[in-house]
Amino acid sequence: MTDPPESETVAVVVVTYNRAALLTRMLAGLAALDRTPDAVIVVDNASTDHTATVLDTAGIDQRALKLQVIRPLENLGGAGGFHLGVQAAYDQGFDRIWLLDDDVVPAPDCLSVLLAVDDELADCLMVVREDTRGRLVEKAALRFDLRNPLRIKPKTAMVETTYGTRAAMPALVELANIPFEGFLVRRRVVEAIGLPDPSFFIFYDDVDFALRARRAGFHIYAVRDAVLVRQLDFDQQHDLAGWKGYYMYRNLFTVHLRYGENPLVRAKPWLITAGVVAMSPVRGGRAEARNVRRALKDARAGAR
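These remarks concern the structure in this document. If you're wondering where the values come from, they're calculated on a predicted model, not measured in any experiment.

**So, the overall build of the protein chain**
If you tally the helices and strands in the protein chain, you get 11 helices and 11 strands. Computed over the C-alpha atoms, the radius of gyration of the protein chain is 19 Å, within 12% of the 19 Å expected from 2.2 N^0.38 for a compact globule of 304 residues. The dimensions of the protein chain, computed from C-alpha atoms along their principal axes, are 55 × 45 × 40 Å. When burial is assessed residue by residue, the protein chain has 52% of its 304 residues classed as buried. For the protein chain, the exposed surface amounts to about 13700 Å²; the carbon and sulfur share of it is 53%.

Now the structure itself:
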């Protein structure tokens, strides 16, 4: 058993869009960490609220953050933002990259706990999230089934539903995939598999990255004692007839087409599309039917 090298550097990458109040709390949480990051790279996805003012103030009042701000000319989505931020961290030579959303606050010892994990297990680490009332809300998958064609939703087990409480968890839990919300990844993983895929825009870019990492032989572990607090409740219900619905379908299909373990699983996007279109008169209507048909067409092109 070996300890992580003391000299490893850590860059935090945060993607934000029009959530200045949440970002303020998040940056304060980073400033309060007992292990100061070596850089905080914020990708401001063309925000139109007062995010710029928050970041300018943080640069003055929280010098210890070593803040860098990247401002693309348009909203690149979470996927494009993390692609840009991870690329910047990688190009600057940081040993580890910690990916965070703008609506979370780490416990003061969160980064220290992650960095204390045995070096041999520490290539891909995930915090364990809770809500503002202290309840376990970690939805990272323990199993992600791309083998059984009868499973419409491939996530078949997650930390929250398997353990119920943080106290019931072992110190480390191996994961099948992760969200980009507290994920700490080593430089050598990026060297091996590349950057997050910006083409996802939103949803499933983190799943895609985790699947690539695992296929390259890396293990991913949730660290029970690394606490990250979500400031907002999870909203897993999206309007499948709206613009988010298109990305939900397209990116789900892309993952199946890229990583499905047999022809039947890779055929699931056509089956789901047929089912959604057939049910559209009683749910979702024409808009959802259009979304799912366009999603299938675009997923086929993107998965090639």
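**Regarding helix 8 (residues 243-259)**
Its 17 residues place the ends of helix 8 25 Å apart at the C-alpha level, agreeing with the 24 Å of an ideal helix rising 1.5 Å per residue. Counting buried positions over the 17 residues of helix 8 gives 13, a clear majority of the element.

**Here we look at helix 7 (residues 205-215)**
Of all 11 residues in helix 7, 9 are buried; the element is thus mostly enclosed. Turning to helix 7, its buried residues are D205, D206, V207, D208, F209, A210, L211, R212 and A213. Count one or two residues on from helix 7 and you reach G217, which has phi positive near 100°.

**Let's talk about empty space enclosed by the protein**
Evaluation of the coordinates by the stated rule reveals 1 cavity of 30 Å³ or more. There is about 30 Å³ of room inside the largest cavity. What lines the largest cavity is simply V86, L99, F180, F183, V185, V190, P196 and F209. In terms of residue class, the lining of the largest cavity is made up of 8 nonpolar, no polar and no charged.

**Re the packing of aromatic side chains**
Applying the stated criterion across every chain yields a total of 8 aromatic pairs. Centroid distance F180 to F183: 6.3 Å. Interplanar angle 20°. Geometry classified as stacked. Look at F180 and you get buried, because its relative accessible area is 3%. Take F183: its relative accessible area is 1%, and that puts it in the buried class. Geometrically, the ring pair formed by Y249 and F253 is tilted, given 6.0 Å between the ring centres and 35° between the ring planes. You can see Y249 and its partner F253 sitting in helix 8, 4 residues apart, about one turn around the helix. An identical accessibility class is assigned to Y249 and F253; each is buried.

**Here's the deal with the packing of helix 8 against helix 10 (residues 268-279)**
Taken N-terminus to C-terminus, the directions of helix 8 and helix 10 make an angle of 150°; their axes are 9 Å apart at the nearest point. Comparing their axes, helix 10 and helix 8 come out roughly antiparallel. Across from Y249, L252, F253, H256 and L257 in helix 8, the residues of helix 10 making contact are K268, P269, W270, I272, T273 and V276. Across the contact of helix 8 with helix 10, the residue classes break down as 8 nonpolar, 2 polar and 1 charged.

**Here's the deal with unusual backbone geometry**
With a phi close to 50°, K66 is a non-glycine residue in the positive phi region. Mapped onto the elements of the fold, K66 is located in the loop between helix 2 (51-61) and strand 3 (67-70). Its relative accessible area of 45% is what places K66 among the partly exposed residues. Here the phi dihedral of F203 falls at roughly 70°; this positive angle occurs in a residue that is not glycine. Following the sequence through the fold, F203 ends up in the loop between helix 6 (187-193) and helix 7.

**Notes on the environment of A241**
The topology assignment puts A241 in the loop between strand 11 (220-230) and helix 8. The sequence separation of A241 and R290 amounts to 49 residues, and the corresponding C-alpha distance is 8.2 Å. Once you skip the residues sitting within four places of it in the chain, A241 turns out to touch G284, A287, E288 and N291.

**Points about the side chain of E138**
Residue placement: E138 occurs in the loop between strand 6 (124-130) and strand 7 (141-144). Within the structure, E138 has its side chain in polar contact with the side chain of R129 (distance 2.9 Å). Separated by 3.0 Å, the side chain of E138 and the backbone nitrogen of A140 make a polar contact. Sequence-distant contacts of E138, defined by excluding residues within four places in its chain, comprise M126, V127, V128, R129, M158, V159, E160 and P179.

**Describing the pairing of strand 6**
The element strand 6 is extensively covered by neighbouring structure, given that 7 of its 7 residues are classed as buried. Of the two faces of strand 6, the one carrying C124, M126, V128 and E130 and the one carrying L125, V127 and R129 are both buried. Of the strand pairs in this sheet, strand 6 and strand 10 (residues 183-186) are connected by 3 bridges, and their pairing is antiparallel. Directly across from M126, in strand 10, lies its bridge partner F183. Here strand 6 pairs with strand 11 via 6 bridges, running parallel. From the neighbouring strand, M126 faces strand 11, where its bridge partner is A222.

Rules used in this analysis
Residues numbered from 1 in each chain as written. Predicted model: local features only at pLDDT ≥ 70, side-chain atom pairs only at ≥ 80, totals over all residues. Heavy atoms only, no water. Helix = DSSP H or I, 4+ residues; strand = E, 2+ residues; numbered from the N terminus. Rg over C-alpha atoms; globule rule 2.2 N^0.38 Å. Buried < 20%, exposed > 50% of the residue type's maximum accessible area, 1.4 Å probe, protein only. Areas by Shrake-Rupley, 256 points an atom, 1.4 Å probe, with all protein chains shown as cover. Expected span 1.5 Å × (residues − 1). 1 Å grid on protein atoms, 1.4 Å probe; cavity = no way out; pocket = protein on both sides within 12 Å on 5 of 7 lines; lining within 4 Å. Points joined across faces, edges and corners; volume = space filled by probe spheres on them. Nonpolar A, V, L, I, M, F, W, Y, C, P; charged D, E, K, R; others polar. Phe/Tyr/Trp six-rings, centres within 6.5 Å; stacked < 30°, edge-to-face > 60°. Axes fitted to C-alpha atoms, helices over the stretch in contact; angles between N-to-C directions. Parallel < 35°, antiparallel > 145°, perpendicular 65-115°, else oblique. Contact = heavy atoms within 4.5 Å. Polar contact = N/O pair within 3.5 Å; in protein donor to acceptor, adjacent residues only side chain to side chain. Pairing = 2+ DSSP bridges.

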